[in-house]
Amino acid sequence: MREYLLYLGCTTPVRLPSYEAATKAVLSKLGIRLLDFKDVTCCGAQYIESISPRAHIGLGGRILALAESQGKDVLAICGACSGSLKHSKHILDKDKGMRREVNSMLREEGLKYTGNVQVKHLLQVLRDDIGYEHIRKAVTRRYSGVRLAAHYGCHVTRPYDIVKVDDPENPRVIDEIIECIGATAVDYPDKTRCCGGPLLAMDEELAALIGADKIKNVRGVGAEGIVTACVFCDIHLSQIQIGDDEVPESRVPIITLPQLMGLAYGIDKESLGINLNRISPEGILGTLQEGVGQ
Amino acid sequence: MSQEEAPRIGVFVCHCGHNIAGVVDVEKVAKLASSLPHVVYTTHEMFMCADAGQQLIRSMVAEHALNRVVIASCSPRMHEPTFRKAVEEAGLNRYLFEQVNLREHVSWCHMREPEAATEKAIDLVRMSVARAAHLESLPIETVKVTPMALVVGAGITGLRAALDIADRGFEVLLVEKSPQLGGHVAKWTHLFPTGESGAELLAPLIRRVKSHTRIQIMRNSEVVEFEGFIGNFKATVQDRKDGVQREFDVGTAIIATGFESFKPFGYYSYGESPDIVTLAELQEMPPRPELLRPSNSQPVNTMAFIGCVGSREPSKKGHEHCSRHCCFATAKAASDLKDGLEEIVMLYKSLRTYGKHHEDIHRLAREKHVIYSRFPADEIPIVEVVDDKIRIEWTDILANKRLIFQPDMLVLASAMVAPSDTETVAKMFGLTRSSDGFFSPEHIKLAPLTTHVAGIMIAGTSQAAKNAVESSIDASGAAAKAAVLMARGEVEIESTLSEVNPELCSLCHTCITSCPYGAIGIDESRDPPVACVTKAKCHGCGTCAAACASGAIIMKHSTDNQIGAMLEAYLCPVQETM
Amino acid sequence: MIAKPGGRKGSISTSSDTALVIGGGVAGMQAALDIADQGFKVYLVETTPSIGGKMAMLDKTFPTLDCSACILTPRLSEVSHHPNITILSYSNVEKITGRVGNFRVRVLRRARCVHEERCSGCGNCIDVCPVEVPNEFDQMIGFRKAIYMPFPQATPNVCTVDMGSCIQCDRCIRVCERDAIDLNMKDKILRLSVGVIVVATGYRLFDVSAYPRLGYGKYMNVIHALEYERLINAAGPTQGHLIRLSDAKVPQNIGFIQCVGARDVSKGVPYCSRVCCMYGIKNAVMAKEHNPNTEVTIYYADIRAFGKGYEEFYHMAETRFGVNFVRGRVGRVLENPENCNLIVSVEDIAHHELLEVEHDLVVLSPGLQPPRSLEHIAHQLHFEVDDEGYVEVQNTFLNPVDTTIPGVFVCGCAEGPKDIPDSVSTGSAVAMRAAIALLHGGAK
């Protein structure tokens, strides 16, 4: 059975525990064992990265070395984390000087990075380790064609040379999985655009504007929900819809991919943390049909 | 085809796709043509020049026993040879064919007036049908082609062309104005992309040219007279030192007189400092391990280039064109020099690194931190020389800032222009010039190396601004054109010449003096003597016929009857039934 | 002794005063004519049913706005009537061995199922054929029948049967007065012996769907330049009426996007494609000619108007025709779902503004790439090609049309992207070099 050290990052446990829960539930069902990754720190994405690139690589290097010491690969479910760790790995693999420096820091803990560890994002594991066929076969309840829009975010697919997950201009993994489980994946303008989240620290108004654009585009094609594979994106796209002016009925539900999949596999709502979704995806759930296997 | 037979005219009206039919009602024209005198067959067709159209001519001539063919289509400049050939293949003399221009003369210039255009088309067809009835067959004449080519200019173009023609088996007379062979390229001290010097690069070529048994080289020499016609030219070459003239009979000529590098006085303070040079001057600087300032022979640390100097200036005659070679040449120069210099700034209006490996060198220059700065077309840099220092001020578009730079040396990529004696050369060989000042090719797209003078080719920078590689290609191409003529050994000449009717000639000499080609002489063998035309020199221009007070000269294929019929058809049309 | 086309299988021709020209576009035709005019024999092999190449698809050509068919068709005619040239169309070069003076070439003459010597090109068969399929010549916009002629002036002027689409109903056979159709025709092998070979295989267009952000393939009103050529061509699928593919409306505001598949390191095409600036401007001018009230904008990186008359044409486009030029490489194209208009996002570098411009038609100008067939020929002849797949010449200055293999020459776009005048020049240049090689049995 394929095993991964599950790297949660900082945000998921605190602000989107349902993502963690759903990931664990779904991957276990599909035959992947997830191990607790102890003693890890923040990966340094964005915040440390922008202040000290060396500290950023150091943090990433340590996490990778920890995984190496256990002889296991890393699964990062947050888009920003996966991008950050892959970036760190990319630098450490290429830059001998940097690697020497980081390893000298790690010596204190008896750790060493030699490059013998892979970092995967959830989408890669789903497509490559499990495969669409298996994903489709495991379905016990199919969505009856409910129209869903996939949101990939920035760090999952870009820059392609480093992350190597999917075609950055025309990503398909989430869309394929949506189709596998019986829903209809819809295209919408600016599908590959940022959610706006990273700008929150600097310009909240602009961040909200960018997110609102995405919601508008999704609504414009008649999609009934947005499916995410990144913590930041999920939180931000939900958050901006919760305001005084927003009419609750017009909100577009945001649901993480493992939650969406879990429901189709017959996993109960509580285990998937559905009740924690800030905008209720009841509309999507309602389209599930019992006993319609593949 | 005898004149006694009644004319049986076939009229073929061409749609030319959308070009004619989009404006002119070609069906109406064809229909009307069928009611004209002597017309026994009319049709309209999509593309007369295509195989199907030509097939149609052949079949209809046979089927309807046509003895005159009128094709209403594009300009004779386009397809006269094509249609003549089709008509001949159908068994008729080519001069029994008449082409009416419904495209350049009607549809293209009256695009927004379809009704008036159709009326004009009908008039023109009526006129040509009337003329066709009076057309006569004329004999086809051929002349031999002297198997020797004259190549004017021994730069890379002339050298390459001469060698190709000689290798092909024909004699070559290579005439070069200067004492040296190799033109501009031989003066360049380093070359792109191979890094050799121009002289090194051309050495094998020059060696072969010098030792080739079929190439006769005349250095320090100029062509001072050139006359004759295709296959039979006579060139008079004069030695510039001792003035001795020699005559040569040649069959073809390739004009490879090259370009001149514009000296941009009045631009960017050129001339006010020895450290402001043109790209050509930089390319000709003696090679040294270090680049030295011309003013004080100190090493150059900082340098600037400015592009498009004297090029791309609308409404400035002779300077409107792009000089093509400079963007790449400056990129290569900058890339080569940057290793030894602190700073190189490239100021450009447009970046035209279009060719093979051009973008690679451009990228290499940037990787070496050559600074490329784009300035607006309507606000060019200001260069001043203050206290022997060069000061450049300009607006960089990307930064949207005013920048100042004081380089040790400034290189101006100045224009490639036609040499100052181009007008003389043009007149001598009967060539025309384009607005860029260089010679005009026969057709800018499909015949870039031949000219309107049959037997004379142009190649290299005499044809347009271009780089040395492109010139070399032109050279072989022009050589091929010359080789074709000389390999054939003979060519047909036009039979549309003038002829003197000795019965009417009064020997007033008017025609002799009015002929621009000196083609009319006196036939002393007759008593009384009369004027007579040397067919081979006659261009069929008609000046003599118009000048002759006695009406003694007829223009073959443009006789008074033929022209008169056209006028009559236009001015007094017979009532036509539709 | 020259083998006749369609002769007995394996018929031999031995002649070292014969040249093989691979590719029947404008460069190949020029080479063939200039070699044949010197008295040598030429085999002109062309993979499509007709010679003429890409030029036959074009409407007007820069910088003179000559009608492409008008200047090309006399050439087609000249080539087909030349006593020294044998056209082998609908054929492929399969194998080449030997050396200069004696190359042995195996040519596959694909079965067009029509006897070339009997067919008159009357087109009766085409009229009765019940099968309609998308027409490659029209860039899949228009249709053709299963038995077809790619364009009216196709040379040889005979029909070809696309057996993949043919339903063998035999209607064409019944209506053919010359008994020219044979649906059981088989491919044939022709073996040639030639002294020199000219590579004139032309180019293929960059596949612009490699830029999903520009919307080609997603949005109906984003088309590429060759599709545009067919739309404005009088002999094209809309008889020359420029209309939008989504609703057949005449576009009022057109955007041309340059450098799509050129000067892009990340897409493996770092070089400049040399002709797109000029054809883009030509297309823009044509739009204005079709309808002077149309707003036309060209989004460009640099305008490479370097050739004779090109800069003047560019200037005329801007001043006389009123084409707008915006310097900026377009970031992305989105669609307005209400009217299928396109919204182009670009930075106008000269004015330091970010623009979102609505156009009702967007035309992408694709770059040029070597055709796939070139790889096979390179493999057969072992000449050097560069990183991008184009033929390398022996010496750029002294032998710019000689390949690295003696007796093998290159002209036209097989050596690198180039326009018609340059293709024609290289065609003539190659003829000179080929003639010398034929005479001396080796390169000089």
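In what follows, the structure referred to is the one given above.
Attention in this report is confined to the structure presented alongside it. Remember, it's a predicted structure, so these values are computed and weren't measured experimentally.

Here is what the cut-offs are and how they apply
Residues numbered from 1 in each chain as written. Chains lettered and ligands numbered in written order. Predicted model: local features only at pLDDT ≥ 70, side-chain atom pairs only at ≥ 80, totals over all residues. Heavy atoms only, no water. Helix = DSSP H or I, 4+ residues; strand = E, 2+ residues; numbered from the N terminus. Buried < 20%, exposed > 50% of the residue type's maximum accessible area, 1.4 Å probe, protein only. Salt bridge = Lys/Arg side-chain N within 4 Å of Asp/Glu carboxyl O. Contact = heavy atoms within 4.5 Å. Buried area = accessible area lost by both parts, 1.4 Å probe. Polar contact = N/O pair within 3.5 Å; in protein donor to acceptor, adjacent residues only side chain to side chain. Pairing = 2+ DSSP bridges. Axes fitted to C-alpha atoms, helices over the stretch in contact; angles between N-to-C directions. Core = buried A, V, L, I, M, F, W, Y, C linked by side-chain atoms within 4.5 Å. Domains from an automatic or database assignment.

### Focus on the overall build of chain B
Here's step 1: What chain B contains, in helices and strands, is 15 helices and 28 strands.
Here's step 2: The C-alpha extent of chain B, read off along each of the three principal axes, is 90 × 60 × 40 Å.
Here's step 3: For chain B, buried positions account for 56% of its 578 residues.

### Quick word on the pattern of salt bridges
Where charged atoms from two side chains of opposite charge approach closely, those side chains can pair.
Here's step 1: Considering all chains together, one arrives at 83 salt bridges over all chains under this definition.
Here's step 2: The shortest N-O distance in the salt bridge between A:Asp93 and A:Lys89 comes to 3.2 Å. Here the residue A:Asp93 and the residue A:Lys89 both occupy positions in helix α5 (residues 79-94), the gap between them amounting to 4 residues, near one helical turn.
Here's step 3: Accessibility expressed as a relative area gives 35% for A:Asp93, which makes it partly exposed.
Here's step 4: A salt bridge links A:Lys269 to A:Glu282; its shortest N-O distance comes to 3.2 Å. With A:Lys269 in helix α14 (residues 269-272) and A:Glu282 in helix α15 (residues 282-285), this residue pair connects regions lying 13 residues apart in the sequence.
Here's step 5: A:Glu282 gets classed as partly exposed once you look at its relative accessible area, which sits at 42%.
Here's step 6: Connected via shared salt-bridge partners are A:Asp190, A:Arg193, A:Asp213, C:Arg332 and C:Glu356.

### What about the interface of chain B and chain C?
Here's step 1: The partner chain C presents 80 residues to the 82 residues of chain B that form the contact.
Here's step 2: Note on chain B versus chain C: buried area summed over both sides is about 6500 Å², and carbon and sulfur give 58% of it.
Here's step 3: Ionic pairing is found between B:Glu359 and C:Arg263, a salt bridge with its closest N-O pair at 2.8 Å.
Here's step 4: The interface formed by chain B and chain C includes 32 residue pairs in polar contact (both at pLDDT 80 or more).

### What about the sheet that holds strand β22 (residues 361-366) of chain C?
All names here are of chain C.
Here's step 1: Ordered by their spatial adjacency, 5 strands build an open sheet running β15-β22-β16-β17-β18, and the pairing between neighbours is parallel. Edge positions in the sheet fall to β15 (222-224) and β18 (324-327), since each has one partner strand and no second. Taking each pair of neighbouring strands and ignoring which way they run, the sheet shows an average axis angle of 25°.
Here's step 2: Where strand β16 (residues 253-260) meets strand β17 (residues 295-300), 5 bridges bridge the pair, whose relative direction is parallel. Bridge pairing in β17 links Asn-253 to Glu-295.

### Notes on the nonpolar core
Here's step 1: The biggest cluster of nonpolar side chains holds 189 residues, and the ones touching the most others in it are B:Phe12, C:Leu20, C:Val105 and C:Ile197.
Here's step 2: No fewer than three residues from each of domain 1 (1-110 + 187-203 + 370-444) and domain 2 (113-182) of chain C sit in this core.
Here's step 3: Leave out the neighbours within four places in its chain, and B:Phe12 touches B:Tyr41, B:Thr43, B:Met48, B:Leu56, B:Ile57, B:Met60, B:Leu66, B:Val69, B:Val70, B:Ile71 and B:Ala72.

### As for the sheet that holds strand β19 (residues 332-336) of chain C
Residue and element names in this part refer to chain C.
Here's step 1: The strand order across the open sheet formed by 3 strands is β19-β20-β21, and the pairing between neighbours is antiparallel. Looking at the sheet topology across the chains shown, the edges are occupied by β19 and β21 (353-359). Each strand of the sheet is rotated relative to its neighbour by a mean of 25°, with strand direction disregarded.
Here's step 2: Pairing of β19 with strand β20 (residues 341-348), which is carried by 5 bridges, proceeds in the antiparallel orientation. What sits directly across from Val-333, in β20, is Val-344.

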